[in-house]
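# Examination of the molecular architecture
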Amino acid sequence: LLCSCSAATFKSHSYSLAQAMRFAVEEINNSSALLPNVTLGYDIHDTCSEPASLHATLRALARQGRQEVEVLPTFRHYEPEAVAAIRPDSTQLALTTVAVLSIFLIPEVSAAPPADEEKGSRGVTV
C-alpha cells in the first residue's frame, strides 16, 4: 500500500513545471505545423515520496493495456506505456526512478534542476 501524499508539502514550482509541460504538449498536438501526424501524450503522477515515485515508474513501464511489468528476453518487442520520463524534482527520487528505467532502456530527462539542488545541496543531475 502506498503512503498518502496528503502529508507532503505542496511544491508550487513542480506544479508549474507540470502545467507548462501539459500546455506545451497540447499546443504541439493542436498545431498542424508542429509534428504533423504525430500525437504526443503524457501521464502526470504525484511523486511526493519514494513509494509513490516507484509506483508511477512501474506504471510507465507496464506494457500498453496491461498492469504488470513484463521482463522480456529482448527489448526489440518491448512496448512500454512510456517512451521517456521526466525526472522527479528530488535528486533522491530521480536516482530511484533512473535505476529502474535504465534496465528497460527508457531515458529520464530533466525539465529543470531538482528542487533540492536549487537550495544548494550537491545532488547528481541525471
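Residues numbered from 1 in each chain as written. Predicted model: local features only at pLDDT ≥ 70, side-chain atom pairs only at ≥ 80, totals over all residues. Heavy atoms only, no water.

Moving on: the overall build of the protein chain. Scanning the protein chain from N- to C-terminus turns up four helices and two strands. Written out in order from the N terminus, the α and β elements of the protein chain read α-α-β-α-β-α. For the protein chain, buried positions account for 24% of its 126 residues. By element, 57% of the accessible surface of the protein chain is carried by carbon and sulfur atoms, the whole surface being about 8,700 Å². (Helix = DSSP H or I, 4+ residues; strand = E, 2+ residues; numbered from the N terminus. Buried < 20%, exposed > 50% of the residue type's maximum accessible area, 1.4 Å probe, protein only. Areas by Shrake-Rupley, 256 points an atom, 1.4 Å probe, with all protein chains shown as cover.)

Okay, the side chain of Glu108 next. You can see Glu108 is positioned in strand S2 (residues 108–109). Buried charge without a partner: Glu108 forms no salt bridge, and the closest opposite charge is Arg87, 5.0 Å away. Side-chain polar atoms of Glu108 contact the side chain of Thr97, separated by 2.4 Å. (Lys, Arg positive; Asp, Glu negative; His and termini not counted. Salt bridge = Lys/Arg side-chain N within 4 Å of Asp/Glu carboxyl O. Polar contact = N/O pair within 3.5 Å; in protein donor to acceptor, adjacent residues only side chain to side chain.)

Quick look at the nonpolar core now. Within the largest apolar cluster, six residues are counted, these being Leu61, Tyr78, Val100, Leu101, Phe104 and Ile106. Not counting the four nearest positions on each side in its chain, Ile106 is found in contact with Leu61, Pro80, Ala82, Val83, Ala84, Ala85 and Leu101. (Core = buried A, V, L, I, M, F, W, Y, C linked by side-chain atoms within 4.5 Å. Contact = heavy atoms within 4.5 Å.)

If you check the backbone angles, Asn37 has positive phi at about 65° while not being a glycine. Checked against the element boundaries, Asn37 lands in the loop between helix H1 (12–30) and helix H2 (50–61). A relative accessible area of 85% places Asn37 in the exposed class. Here the phi dihedral of Leu105 falls at roughly 60°; this positive angle occurs in a residue that is not glycine. Turning to its location among the elements, Leu105 is positioned in the loop between helix H3 (91–103) and S2.

It is worth spelling out the packing of H2 against H3 at this point. Following both chains from N to C, one finds H2 and H3 inclined at 30°, their axes separated by 10 Å at the closest point. With respect to each other, H2 and H3 are oriented roughly parallel. Considering how the two elements wind past one another, H2 and H3 form a crossing that is right-handed. Counted together, Glu50, Ser53, Leu54, Thr57, Leu58 and Leu61 of H2 and Gln92, Leu93, Thr96, Thr97, Val100 and Leu101 of H3 form the full contact between these two elements. Taken together, the residues of the contact of H2 with H3 sort by class into six nonpolar, five polar and one charged. (Axes fitted to C-alpha atoms, helices over the stretch in contact; angles between N-to-C directions. Parallel < 35°, antiparallel > 145°, perpendicular 65-115°, else oblique. Left-handed = near helix turned anticlockwise from the far one by under 90°. Nonpolar A, V, L, I, M, F, W, Y, C, P; charged D, E, K, R; others polar.)

Attention now goes to the pattern of salt bridges. Within the structure shown, the criterion is met by one salt bridge. Among the ionic pairs, Arg22 bridges to Glu26, the shortest N-O distance being 3.3 Å. With Arg22 and Glu26 both in helix H1 and four residues apart, the pair spans about one turn of that helix. Among the residues examined, Arg22 registers a relative accessible area of 29% and is labelled partly exposed.

For the second largest pocket, the calculated volume is near 180 Å³. Residue lining of the second largest pocket: Asp43, Arg59, Ala62, Arg66, Gln67 and Glu81, and that is the complete set. Within the lining of the second largest pocket, the residues separate by chemical class into one nonpolar, one polar and four charged. (1 Å grid on protein atoms, 1.4 Å probe; cavity = no way out; pocket = protein on both sides within 12 Å on 5 of 7 lines; lining within 4 Å. Points joined across faces, edges and corners; volume = space filled by probe spheres on them.)

It is worth stressing that arrangement in space is one thing and function is another; only the former is reported here.
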